[in-house]
Amino acid sequence: MSSLVWFRDDLRTFDHPALYAASLQAGNVRAIYFVTPEQWQRHDLAPIRADLLERHLNAVGQRLAEWGIPMHVITVADYAAIPSALGDFCRQHGISQLYANRDIGIYELSRDAAVQAHCEQWQIACHWFDARCLFAPGSILTGSGDMFKVYTPFSRAWLKKLMAEGYQVWPQPQARGQTLAWQPVTVDYPKVSSQNWFGNENEVLNQLRQFAYDKQIDYTTKRDFPAIDGTSRLSPYLALGVITIRQCLAVMQEVLEQIPFEKSEPGFTWLNELIWREFYQHLLVAYPRVCMHKGFKPETDLIRWPNNEQLFTAWCEGKTGYPIVDAAMRCLNQTGWMHNRLRMIVASFLVKDLHIDWRWGERYFMQHLIDGELAANNGGWQWAASTGADAAPYFRIFNPTAQGQKFDEQGIFIKRWLPELSHVPENYIHTPHDWLKIFDPSNSYPAPIVDHAQAREITLALFKP
Ligand SMILES: Cc1cc2nc3c(=O)[nH]c(=O)nc-3n(C[C@H](O)[C@H](O)[C@H](O)COP(=O)(O)OP(=O)(O)OC[C@H]3O[C@@H](n4cnc5c(N)ncnc54)[C@H](O)[C@@H]3O)c2cc1C
């Protein structure tokens, strides 16, 4: 009997139930990963995320090779090609058992259903594990058996279940045989260097530990200020499945000696963000229409967004004349990452100041973010656009200047990303235009492309029932 572990968005060796279960079986164990360039293009996978993926794929392949488990990396066009490619591989290598962790997107679920059907035809037993969320989507429901549409009761139910059931972190598998050679693989997809991020699971686990020991306690007070390094910056690894929420919980528990179940307890604010992540993943499974470019609130699909392409380009390029928006967008374009507060500001600005369909922004984010993840990205955009579950009400419209003044008071973040404003005095940094007119008239920084007060009125009219 030979077993095969199919890796997907779970490029890790710790806390990987499918790998662990396969490693306990007698007979050979192999691993497989499918590179699907056309599918990735359709899903707007960012080149920087592809680069990070390639590095972690090689790190996992190398680690498995050290344990005598060969990893096969196969390129096919898209998900539709996987069932037959997997079937051929299983027949070639005498595989009778397939092990994988469950995925959540609608296309991924239908891919897996097709694989299951194919395997049944060839008498290959499939073993699926729930490892992506702490509790499988569909297992946290209201009293009437539906998915929660509001975050707070979901999080209460989630915490109650955690308190009752606890959690388990799966160990790494035992070595299976002699060390094998690992030939590094190159993923066939456009790539942008991710060298400022860790490409190895142990380094990521160290980063998690460091955050938990050094920064977790101050997270509540520091997390909203983009000039401060106050958040974990673990999202790219959670998105790729290099680490899991269970490992985050285990490290929290190690540092705090307990899981914070109450808002007043240290560490709760950070845990709460991880639960938001779970909420959006559960929503995606319960309401697959959100994977298909639909608003969670169907009535919001009737809004006629003006979608001015020039305004969209200015937003993408960080040339709107609103310094906090422009600094955030240039940071995204240059690094592939953006602080959460800034994501909220630029998303609100695109939709409620420029009146551009939130799906344009969602797509641009996916094409550029190193942590681009369908559930969190869609959830974040629908929250900002007031089209989502438990979203900001449509009349809550961020004032981009006030947001900058509040969260980057001295303009430290702005000056880091907008060098043309580096000499502007602190008290003008959020509204530099009058100062520039007098003291630096040839400065190329653009005038505001819209008037916020007018734009606000247009938004209210667009949303009016
Ligand atoms: C418009 C918009 C788009 C977003 N797109 C993505 C995306 O594509 N991928 C992504 O991982 N996050 C996304 N987020 C959520 C959030 O901005 C990032 O997860 C966060 O900035 C990552 O930084 P961090 O790792 O330092 O987070 P921390 O503050 O340290 O939080 C810990 C972890 O919790 C999760 N998390 C934190 N905040 C949220 C949130 N609001 N929603 C869901 N999960 C959260 C992330 O996995 C994060 O790594 C988006 C938010 C908005 C408003």
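Within an unreviewed UniProt entry, the label attached to the chain reads Deoxyribodipyrimidine photo-lyase, and the organism entered is Tolumonas osonensis. The Catalytic activity (unreviewed entry) field of the UniProt record for the chain holds the comment "cyclobutadipyrimidine (in DNA) = 2 pyrimidine residues (in DNA)." Database annotation for the chain, UniProt heading Function (unreviewed entry): "Involved in repair of UV radiation-induced DNA damage. Catalyzes the light-dependent monomerization (300-600 nm) of cyclobutyl pyrimidine dimers (in cis-syn configuration), which are formed between adjacent bases on the same DNA strand upon exposure to ultraviolet radiation."

Colleague: I'm lost on the pairing of strand 1 (residues 2-7) in this one. Help?
Modeller: Here is the key point about a regular strand: its side chains alternate between the two faces of the sheet. The element strand 1 is largely enclosed, with a buried count of six among its six residues. Going residue by residue along strand 1, you find S2, L4 and W6 tucked away on one face and S3, V5 and F7 tucked away on the opposite face as well. Two strands pair when backbone bridges link them, and strand 1 and strand 4 (residues 95-101) are joined in this way by five bridges, in the parallel orientation. Each bridged residue has a counterpart across the sheet, and for V5 the counterpart in strand 4 is Y99. Where strand 1 lies against strand 2 (residues 29-35), five bridges are found, and the strand directions are parallel. In the strand pairing of strand 2, S3 is matched with V29. Where the polypeptide runs from strand 1 across helix 1 (residues 17-23) and back to strand 2, its parallel neighbour, the crossover connection is right-handed.

Colleague: Help me understand helix 14 (residues 340-353) in this model?
Modeller: Within an α-helix, residues lying three or four positions from one another point in the same direction, as the helix has 3.6 residues per turn. In this model, helix 14 (14 residues) spans 19 Å end to end at C-alpha, consistent with the 20 Å of a helix rising 1.5 Å per residue. Taking burial as the measure, the 14 residues of helix 14 include 13 buried ones, the bulk of the element. Backbone geometry just after helix 14 places H355 at a positive phi near 60°.

Colleague: When you look at the site of the ligand in this model, what are you seeing that I'm missing?
Modeller: Around the ligand, 27 residues are found, and the nearest of them are Y219, T231, S232, R233 and N340. Between an oxygen atom of the ligand and a side-chain N or O atom of Y219, the distance comes to 2.5 Å. In this structure, N340 approaches the ligand through a side-chain N or O atom, which is 2.7 Å from an oxygen atom. Protein contacts shield 96% of the accessible area of the ligand, which totals 810 Å² for the unbound molecule. Broken down by secondary-structure element, the contributors of at least two residues to the shell around the ligand are helix 9 (235-240), helix 11 (268-286), helix 14 and helix 16 (374-384). Among the elements that take part in the shell around the ligand, helix 11 stands out by supplying five residues, more than any other. Classifying every residue of the shell around the ligand by side-chain character gives 14 nonpolar, seven polar and six charged.

Colleague: Can you walk me through the domain arrangement of the chain in this structure?
Modeller: How big an interface is tends to be stated in terms of the accessible area lost upon association of its parts. According to the domain assignment, the chain consists of domain 1 (2-129), domain 2 (133-168 + 201-286) and domain 3 (298-463). The gap between the C-alpha centroids of domain 1 and domain 2 is 26 Å. Counting residues at the interface gives 14 residues for domain 1 and 18 residues for domain 2. Approximately 1,400 Å² of surface area, both sides summed, lies buried where domain 1 meets domain 2, with 58% of it carried by carbon and sulfur atoms.

Colleague: When you look at the sheet that holds strand 1 in this model, what are you seeing that I'm missing?
Modeller: Whether parallel or antiparallel, the strands of a sheet pair through hydrogen bonds between backbone atoms. Taking strand neighbours across the sheet as the criterion, the five strands line up as 3-2-1-4-5 in an open arrangement whose pairing is parallel. Each edge of the open sheet is held by one strand with a lone partner, namely strand 3 (71-75) and strand 5 (125-129). Geometrically, the sheet is characterised by an average inter-axis angle of 25° between neighbouring strands, direction not taken into account. Strand direction decides the pairing type here: strand 4 and strand 5, joined by five bridges, are parallel. Bridging across to strand 5, Y99 finds its partner in H127. In this fold helix 3 (residues 47-66) packs onto strand 1, strand 2 and strand 3, with an angle of close to 145° to the strand it touches most, strand 3. The sheet contacts of helix 4 (residues 82-92) involve strand 1, strand 2, strand 3 and strand 4, and relative to strand 2 the element is tilted by about 155°.

Cut-off values and rules
Throughout this description, residue numbers start from 1 for each chain and increase along the sequence as written. Residues qualify for local features only when their pLDDT is at least 70, as the model is predicted, and side-chain atom pairs are given and counted only at 80 or more; totals for whole chains, interfaces and linings, by contrast, use all residues. Only hydrogens and water are removed before side-chain values are computed, so all heavy atoms of the structure are retained for them. UniProt positions are given in the numbering used here, feature names are shortened, and annotations may be inferred rather than shown by experiment. Exposure categories follow from relative accessible area, calculated using a 1.4 Å probe and restricted to protein chains: below 20% of the type maximum is buried, above 50% is exposed, and the middle band is partly exposed. Working definition: helices are DSSP H or I runs of at least four residues, strands are E runs of at least two. Numbering for both runs from the N terminus. Here, any two strands with at least 2 DSSP bridges between them count as paired. When the strands point away from the viewer, a crossover counts as right-handed if the route from the first strand across the helix to the second turns clockwise. Here the expected length of a helix is defined as 1.5 Å per residue gap, with one fewer gap than residues. Any residue with at least one heavy atom within 4 Å of a molecule or strand is counted as near it. In protein, a polar contact requires one atom able to donate a hydrogen and another able to accept it; more generally it is a pair of N or O atoms within 3.5 Å, and residues adjacent in sequence count only if both atoms are side-chain atoms. The accessible surface values rely on the Shrake-Rupley method and a 1.4 Å probe; as for residues, cover is taken only from the protein chains in view. Put simply, Ala, Val, Leu, Ile, Met, Phe, Trp, Tyr, Cys and Pro go in the nonpolar bin, Asp, Glu, Lys and Arg in the charged bin, and everything else, Gly too, in the polar bin. The domain limits used here are those given by an automatic or database domain assignment. Residues are treated as being in contact if the distance between any of their heavy atoms lies within 4.5 Å. Buried surface area refers to the total accessible area, computed with a probe of radius 1.4 Å, that the two partners give up upon joining, counted for both partners together. Helix axes use the C-alpha atoms of the stretch in contact, all axes being lines fitted to C-alpha atoms, and the angles between their N-to-C directions lie in the range 0 to 180 degrees.

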